[in-house]
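Okay, here's what each chain looks like letter by letter:
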Amino acid sequence: MQNGKSGNLYHLIESRFPADMQARFITLMDGPRQGIWYNYADLVSISARFAHAMAALGVKRGDRVAVQVEKSAENLFLYLATLRLGAVYLPLNSAYQKGEIAYFLEDSGPALFVCRPEDEAEMVALAARCGVPAVATLGIAADGSLPDMAIDLSPEFDTVPMDADDLAAILYTSGTTGRSKGAMTSHGNLASNALALHRLWGFRAGDVLLHALPIFHVHGLFVATNTTLLNGGSMLFLSRFDPDRVVALLGQATVMMGVPTFYTRLLGHPGFTRDKVAHMRLFISGSAPLLADTHREFSERTGHAILERYGMTEGGMITSNPLEGDRVPGTVGFPLPGVELRIAGEKGEVLGTDHVGSIEFKGPNLFKGYWRKPEKTAEDMRPDGFFITGDVGRIDARGYLHIVGRAKDLIISGGLNVYPKEVEMVLDGLDGVVESAVIGLPHPDFGEAVAAIIQKRPGRDDVTEAALIAQVRDLLASFKVPKRIWFVDELPRNQMGKVQKALLRPQHQDTFR
Ligand code: MLC
Ligand code: AMP
């Protein structure tokens, strides 16, 4: 994948810069700096300055740069600066709590941790305990020690040549054991995916992306940003998804990417009408299942068929409905060019049309394994190199992939993954709790919501739903905190002693509906 001067993704991005470097890259559409914009020349100079600043802080090729900051343009420049330096970008959800951050820092051993200015004192202490040699800050107003340091440094930087197989990023993804694993993603993984999506989704001159996703996950960071960059294009940047703002801005945009919650919230907005989307070319959905009903309702309201695609941290985008041709509701389309996809039985044997089985893939998008966990990588790989996604599906006679379930015990809430095991480990550690069972329940807004059923110690009347939720809030990111907790005398178990969640779900199925 050597489309530029080297396999460094930045070299590819650079090779696609617009002829006029004064062309806008990003315009901030909310917050205290609303209306501020940066052009491609700014992207080059600010990322160069940040790269120099990080080098001065001791970051070298191959080092990890862990980042927990709020969404901002500078955050994207930091991502690009890390690529330019040949270091490995490691974004962390801004909702993660201290205990979660400590695990990521210890596990990944970064050379630098970039945090929010308001967290500095706390994070400097935490980083020291975790053996991280340097901490810098970056705020939403282009403030913080990193930009302060960068301002006097050179706006030119010789991007470090990299091989396509060298690491560009590590994104942590939680697992069934409750412990997160760092998915190692190479420059070649990102480049191949971005090139394929740019072509497949028909990006063209004049496209403007409305960006309302977080930029610490594959969706908002790689899919949305890298395709825009390969287009030499422009984005309207929102710090978060706000339906009022999105409705107001659709008239200036041509493409939007979102999780299903974006689309159900838009449909619930009275101002979201057909005339508002007249300028739009494409709505894309992913990260969680889009209900066929939502697809149809959206189509009736707007005349647009949402293009649903399927991906994961370990593979970027894997399949997509077509730009031209039927975008079939309830399916995630065809494998991306170069991606091999199969439905397999328990031993990896390939199953035929319409047979339900394990979704497996390989291709240039397949990650390089889990950071320092070769045994975990091996567990998820077939001997012939196919990756076992943990999703269950079937391929129909026309070749469309249908996702019908998950083999992994995973809840996807508003496009964010929550592994019940991780929440159970936290709940089980709380005073007064004997054991917990965490389940996902249908939720009209988030698709699925986290809930817990708990057996508490006898006589512990002080252990209430509110008290437990308050404690979990300090230990886990807010999206993982159960939205409801119920108590039972005893959890239902099978003969092996395993909690039978399948019996618990039906009892609470309609809680949020
Ligand atoms: C926020 N909350 C959530 C939540 N997001 N709870 C459950 N699930 C979520 N996803 C909490 C808040 O902390 C708050 O709690 C309460 O719910 C209400 O918050 P809100 O104001 O409604 O949240 P909002 O800021 O509007 O965020 C909702 C959202 C956001 C859906 C817009 O979560 C979002 O942008 N999700 C996208 C995630 C994403 O990018 N996923 C891609 C992963 S990559 P309280 O109690 O404090 O009030 C991937 C691969 C692929 O999966 O294929 O793309
Ligand atoms: P993550 O680990 O955060 O990258 O999440 C990846 C998971 O999200 C996949 O394994 C799927 O379970 C799920 N996912 C992504 N896109 C879709 C989709 N379009 N439909 C259903 N599930 C999806």
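Residues numbered from 1 in each chain as written. Chains lettered and ligands numbered in written order. Predicted model: local features only at pLDDT ≥ 70, side-chain atom pairs only at ≥ 80, totals over all residues. Heavy atoms only, no water.

Enquirer: Residues and numbers for the domain arrangement of the chain, please.
Expert: In terms of domain boundaries, the chain breaks down into domain 1 (9–21 + 39–188), domain 2 (283–406) and domain 3 (411–508). Computed from C-alpha coordinates alone, the two centres of domain 1 and domain 2 are separated by 29 Å. With 19 residues of domain 1 at the contact, the number on the domain 2 side is 12 residues. Summed over both partners, the interface of domain 1 with domain 2 comes to about 1300 Å²; 58% of that surface belongs to carbon and sulfur atoms. Our count for the domain 1 to domain 2 interface comes out at 2 salt bridges. Measuring nitrogen to oxygen at the nearest pair gives 3.0 Å for the salt bridge that ties Asp-165 to Lys-368. Joining domain 1 to domain 2, the criterion identifies 6 residue pairs in polar contact (both at pLDDT 80 or more). (Domains from an automatic or database assignment. Contact = heavy atoms within 4.5 Å. Buried area = accessible area lost by both parts, 1.4 Å probe. Salt bridge = Lys/Arg side-chain N within 4 Å of Asp/Glu carboxyl O. Polar contact = N/O pair within 3.5 Å; in protein donor to acceptor, adjacent residues only side chain to side chain.)

Enquirer: So what's going on with the site of ligand 1? Residues and values would help.
Expert: Taken together, 24 residues sit near ligand 1, with Arg-265, Ser-287, Ser-413, Arg-473 and Ser-478 positioned nearest. Within the side chain of Arg-265, an N or O atom sits 2.7 Å from an oxygen atom of ligand 1. Taking Gly-414, its main chain carries an N or O atom lying 3.0 Å from a nitrogen atom of ligand 1. Computed on the free molecule, ligand 1 has an accessible area of 1000 Å², of which 76% lies beneath the protein chains in the complex. At the level of elements, α10 (260–267) and β13 (307–312) are the ones that each hand at least two residues to the shell around ligand 1. (Near = heavy atom within 4 Å. Areas by Shrake-Rupley, 256 points an atom, 1.4 Å probe, with all protein chains shown as cover. Helix = DSSP H or I, 4+ residues; strand = E, 2+ residues; numbered from the N terminus.)

Enquirer: If you had to explain unusual backbone geometry to someone new, which residues and values would you point to?
Expert: For Ala-142, which is not a glycine, the phi torsion comes out positive at approximately 55°. Mapped onto the elements of the fold, Ala-142 is located in the loop between β6 (134–137) and α6 (145–150). Overall, the relative accessible area of 26% leaves Ala-142 in the partly exposed class. Look at Asp-354: it is not a glycine, yet its phi comes out positive at around 70°. We classify Asp-354 as partly exposed; its relative accessible area is 41%. (Buried < 20%, exposed > 50% of the residue type's maximum accessible area, 1.4 Å probe, protein only.)

Enquirer: Can you break down the layout of surface pockets residue by residue, with the values?
Expert: Roughly 350 Å³ of internal volume is contained in the second largest pocket. Lining the second largest pocket we find 13 residues, and of these Asp-409, Glu-424, Lys-498, Val-499 and Lys-501 sit closest to its centre. Counting residues per element, the ones that place at least two in the lining of the second largest pocket are α13 (420–428), β22 (433–443) and α15 (501–508). In terms of residues, the lining of the second largest pocket owes the most to one element, α13, which gives 4 residues. Considered class by class, the residues forming the lining of the second largest pocket number 3 nonpolar, 2 polar and 8 charged. (1 Å grid on protein atoms, 1.4 Å probe; cavity = no way out; pocket = protein on both sides within 12 Å on 5 of 7 lines; lining within 4 Å. Points joined across faces, edges and corners; volume = space filled by probe spheres on them. Nonpolar A, V, L, I, M, F, W, Y, C, P; charged D, E, K, R; others polar.)

Enquirer: Which residues make up the environment of Leu-9, and what values go with them?
Expert: Among the secondary structure elements, Leu-9 is positioned in helix α1 (residues 9–15). Sequence spacing of Leu-9 and Asn-75 is 66 residues, and the spatial spacing of their C-alpha atoms is 17 Å. Setting aside chain neighbours within four positions, we find Leu-9 in contact with Tyr-79, Leu-83, His-187, Leu-190, Ala-191 and Asn-226.

Enquirer: Describe the site of ligand 2, and please don't skip the residues or the numbers.
Expert: Around ligand 2 there are 17 residues in total, and Arg-309, Thr-313, Asp-391, Lys-408 and Asn-417 lie nearest to it. In the model, a nitrogen atom of ligand 2 is placed 2.7 Å from a nitrogen or oxygen of the Arg-309 main chain. In the environment of ligand 2, an oxygen atom lies 2.9 Å from a nitrogen or oxygen atom belonging to the side chain of Asn-417. Summarising the interface, the protein chains cover 91% of the accessible area of ligand 2, which totals 500 Å² for the free molecule. Those elements that provide at least two residues to the shell around ligand 2 are β13 and β19 (401–406). The dominant element in the shell around ligand 2, judged by the number of residues it contributes, is β13, at 5 residues.

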